[in-house]
Amino acid sequence: MPDKSVSYWTNTGQGLRAVELRAAGFKPSEAAAINAVVTVAAAHTNAHRCNNRVRRIADFLVDALALKGGQGLLVGAPAVSDALTQGTENAGYSLVSRDLMADCMETGHYAHHGNAMIVISGCDKTGAAALMPLARTNAFGLVVYPRTSAPGRVDFEPWASKGNNLTLMDYMEGSAAREAGRISDDQLTRLQRCVMPGSGTCGAMFTANTMSTVAEAIGMMLPRGASHPADYDAGSDIHDDVKKQAYASVEALYRLMEIGLRPRDIMVRKAFENAVTTAYAMGGSTNLYLHVLAIAREAGVMMTIEDLHCIGERVPLIANLQPHGPYAMVSLHKVGGVPVVMKALLNAGLLHGDVMTVTGKTLAENLAEVALPEELPEQDVIFQVTQPLAAPGNHISVLSGSLAPESCVLKLSGKTLEDGEFHGKAKVFNSEKAAMTAIREGGVVAGDVVVVRNVGPVGAPGMPEMVHLTIQLQGRGLGKEVALITDGRFSGVSHGILVGHICPEGAKGGPISIVQDGDTIVIDPKKRRLDIDITPKEMAGRMARLDPPELLDVPEGSVLSKYRRLVSSAHYGCVL
Ligand code: FES
């Protein structure tokens, strides 16, 4: 068990602690008898459904810890919802919040003299931030997920055939379809009412569930923790299984303390490889790249963007989830959840079975009794590795080229490009807003490459997600005929022909800044290239004439201005 003593170097220290505990509502005599001080780190808010149950779960954990003789001390942090910030001038605060949350959790943990830590995740960035303080402090601990939203259904196509699997993505695409006159007002209203009947994170393989999958697959969350529905239905209490897993997580924490197993014993290089492999097999978000690089840095594990590509390109797509497939995360949960995917990958030799997990057992031991996809009753949510939805190399790839000398990420979500590559004419925009106006006015047509620049980690600042642009393209039926390239990033909801994270970004003088309307852009996944089709001489001339970009004005001293000063490129995970 951990050492619970706090060392003071004044003779008033212990007495002062008793004064403080009493004033805060604790009984000092009981506090003196506790066996562990456990930081319950929770980004909670009532502002959105992604994290609005987090505080309740935190209270369950505090009660469960007390039953074990522990003292759970809450540490809060800002919980930014992408759904509330995307497409607004505050979108930069989303990625910024990842590191801010990790810092809050570290600060509270040490300031309260914590011995151990349970982190409750939630919306996208909270999922990444959950693993960062655990890796950074190496305090005994694990992650609890407040769970994903239950899906909905409607009775008109093209959504009716998805059954009870509609998510926020369907409403967003329906909204763009309404604008384009493809569905009626009434149909849009029905989608709005049905897609998200209750609380929870976005309900398919978007970024929140990508990061919950990472937490489970890396070994830092109890099995089947990544896919559970948050609610039974609208307005219901928290799902009993969520409560059960919160209590089970406390039991697991005490086991970890007993056997001396810490996060850095679990989050080793092989475990990162397992996490990336599993997220690829399930069609995870491009944000995976930013977050895994950041978590690896905290864990002291050497990983590069090229490592992630090499791990991912061996992996077939086997989970039939949105955004590439029809199903919601809850459908995956019903057939066994992430463990079934991992069992298939382990059997195919794609995972390391000998890594430790928060159960105190190895991954192979955890999966020993789990069924393979082919052993389940008939289903088409999880495919076999030998008969996948898409062969390896068709999900996310790292490219480089004349437009991305460092790197960029291409997301195809299992699709292949006609002729194996995409050539298109550039339509250049210096902001997301300008690109949105052009798409809405019909200024983007089949064969175009929408170029959105100055939206990187420094330029925006905070590297907002271009999701509303990708939604507009999908909703207007242009998803297969128009590509979008950007130094910004995408939401897990985004699908199509998408290249993001272009490095160096425009604000740092990257060559994305020299693209002009009408230039031919070539995306070639086989050669792993993103190029502009101009002569080297023309390229050099344009680069020489490039003026320093005009950066968006942010107030000096603000979080955004500090972020702009400190942030590294997406090539390194936007770490600070
Ligand atoms: Fe919070 Fe998607 S916006 S999980």
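Residues numbered from 1 in each chain as written. Predicted model: local features only at pLDDT ≥ 70, side-chain atom pairs only at ≥ 80, totals over all residues. Heavy atoms only, no water.

S.K.: Any chance you could explain the overall build of the chain here in plain terms?
M.R.: A tally of regular secondary structure across the chain gives 21 helices and 12 strands. Its C-alpha atoms give the chain a radius of gyration of 24 Å, near enough to 25 Å, the size a compact globule of 576 residues would have. C-alpha extents for the chain along the principal axes are approximately 75 × 55 × 45 Å. For the chain, with 576 residues in total, the buried portion stands at 62%. Of the contacts formed within the chain by residues at least 6 apart in sequence, a portion of 75% connects residues at least 24 apart. Looking at charge distribution, the chain has the averaged site of its 53 positive side-chain charges lying 3 Å from that of its 60 negative ones. (Helix = DSSP H or I, 4+ residues; strand = E, 2+ residues; numbered from the N terminus. Rg over C-alpha atoms; globule rule 2.2 N^0.38 Å. Buried < 20%, exposed > 50% of the residue type's maximum accessible area, 1.4 Å probe, protein only. Contact = heavy atoms within 4.5 Å. Lys, Arg positive; Asp, Glu negative; His and termini not counted. Charge placed at Lys NZ, Arg CZ, Asp CG, Glu CD.)

S.K.: I'm lost on the packing of helix 5 (residues 93-111) against helix 6 (residues 124-137) in this one. Help?
M.R.: Between two packed helices, the angle of one axis relative to the other and the distance separating the axes together describe the packing. Running from amino to carboxyl end, helix 5 crosses helix 6 at an angle of 40 degrees, the nearest separation of the two axes being 8 Å. The element helix 5 and its partner helix 6 pack so that their crossing is right-handed. Mapping the contact onto sequence places Ser94, Leu95, Ser97, Arg98, Asp99, Met101, Ala102, Asp103, Met105, Glu106, His109 and Tyr110 in helix 5 and Lys125, Thr126, Ala128, Ala129, Met132, Pro133, Arg136 and Thr137 in helix 6. A per-class count over the contact of helix 5 with helix 6 returns 9 nonpolar, 5 polar and 6 charged. (Axes fitted to C-alpha atoms, helices over the stretch in contact; angles between N-to-C directions. Left-handed = near helix turned anticlockwise from the far one by under 90°. Nonpolar A, V, L, I, M, F, W, Y, C, P; charged D, E, K, R; others polar.)

S.K.: Would you explain the pairing of strand 6 (residues 404-411) in this entry?
M.R.: The side chains of a regular strand alternate between both faces of the sheet. Burial of strand 6 is extensive: 6 of the 8 residues sit out of reach of the surface. Pairing geometry for strand 5 (residues 396-401) and strand 6, over 5 bridges, is antiparallel. Paired with Ser397 across the two strands is Leu410, which belongs to strand 6. In sequence, strand 5 turns back onto strand 6 through a hairpin of 2 residues. Pairing geometry for strand 6 and strand 10 (residues 497-503), over 4 bridges, is antiparallel. Note that in strand 10 the partner of Leu410 across the bridge is Val499. (Pairing = 2+ DSSP bridges.)

S.K.: Got a minute to help me understand the pattern of salt bridges in this structure?
M.R.: Pairing between side chains becomes possible if they bear opposite charge and their charged atoms approach one another. Within the structure shown, the criterion is met by 28 salt bridges. Look at the salt bridges and you will find they share partners, linking Asp82, Asp124, Lys125, Glu465 and Arg489 into a network. (Salt bridge = Lys/Arg side-chain N within 4 Å of Asp/Glu carboxyl O.)

S.K.: Can you walk me through the packing of aromatic side chains in this structure?
M.R.: The relative placement of two aromatic rings is captured by the distance of their centres and the angle of their planes. Taken as a whole and judged by the stated rule, the model has 2 aromatic pairs. Between Phe60 and Tyr247 the ring centres are 6.4 Å apart and the planes differ by 45 degrees, which places this aromatic pair in the tilted class. Within this pair, whereas Phe60 is found in helix 3 (residues 54-67), its partner Tyr247 is found in helix 10 (residues 240-259), the two being separated by 187 residues in sequence. Judged by relative accessible area, Phe60 falls into the buried class, the value being 15%. (Phe/Tyr/Trp six-rings, centres within 6.5 Å; stacked < 30°, edge-to-face > 60°.)

S.K.: In this structure, what is going on with the pairing of strand 1 (residues 36-42)? I would like to understand it.
M.R.: Among the 7 residues in strand 1, 7 count as buried, and that is most of the element. The sheet contact formed by strand 1 and strand 2 (residues 70-76) spans 7 bridges and is parallel. Each bridged residue has a counterpart across the sheet, and for Ala42 the counterpart in strand 2 is Gly76. The handedness of the strand 1 to strand 2 crossover, carried by helix 3, is right-handed. Pairing geometry for strand 1 and strand 3 (residues 116-120), over 5 bridges, is parallel. Residue Thr39 lies in a different strand from strand 3, and its bridge partner there is Met117. (Right-handed = clockwise from strand over helix to strand, strands pointing away.)

S.K.: Would you mind going over the sheet that holds strand 3 with me for this structure?
M.R.: The strands making up a sheet associate through hydrogen bonds between their backbones, and the pairing can be parallel or antiparallel. Judged by pairing direction, the sheet is parallel, and its 4 strands sit side by side in the order 2-1-3-4 without closing on themselves. The sheet is open, and its two borders are formed by strand 2 and strand 4 (140-144), each paired with just one other strand. On average, adjacent strands in this sheet sit at an angle of 20 degrees to one another, irrespective of strand direction.

S.K.: Explain the nonpolar core to me, please; I cannot follow it from the model alone.
M.R.: Note that soluble globular proteins tend to have their nonpolar side chains buried in a common cluster. Counting residues in each nonpolar core, the largest one holds 110 residues, and the members touching the most others are Met267, Phe272 and Leu332. Among residues more than four places away in sequence, those in contact with Leu332 are Ser227, Met282, Ala319, Leu321, Gly337, Val338, Val341, Val381 and Ile382. With 26 residues, the next largest nonpolar core counts Leu412, Leu417, Val428 and Leu530 among its residues. (Core = buried A, V, L, I, M, F, W, Y, C linked by side-chain atoms within 4.5 Å.)

S.K.: Even after reading the chapter, I still don't get a nonpolar patch on the surface, so can you show me in this structure?
M.R.: Together, Tyr93, Leu100 and Val559 make up a nonpolar patch on the protein surface, roughly 210 Å² of accessible area in all. When you line up the elements, Leu100 lands in helix 5. Note on Leu100: relative accessible area 33%, which makes it partly exposed. (Patch = residues over 30% accessible without salt bridge, like charges linked within 9 Å, V, L, I, M, F, W, Y side chains within 5 Å. Areas by Shrake-Rupley, 256 points an atom, 1.4 Å probe, with all protein chains shown as cover.)

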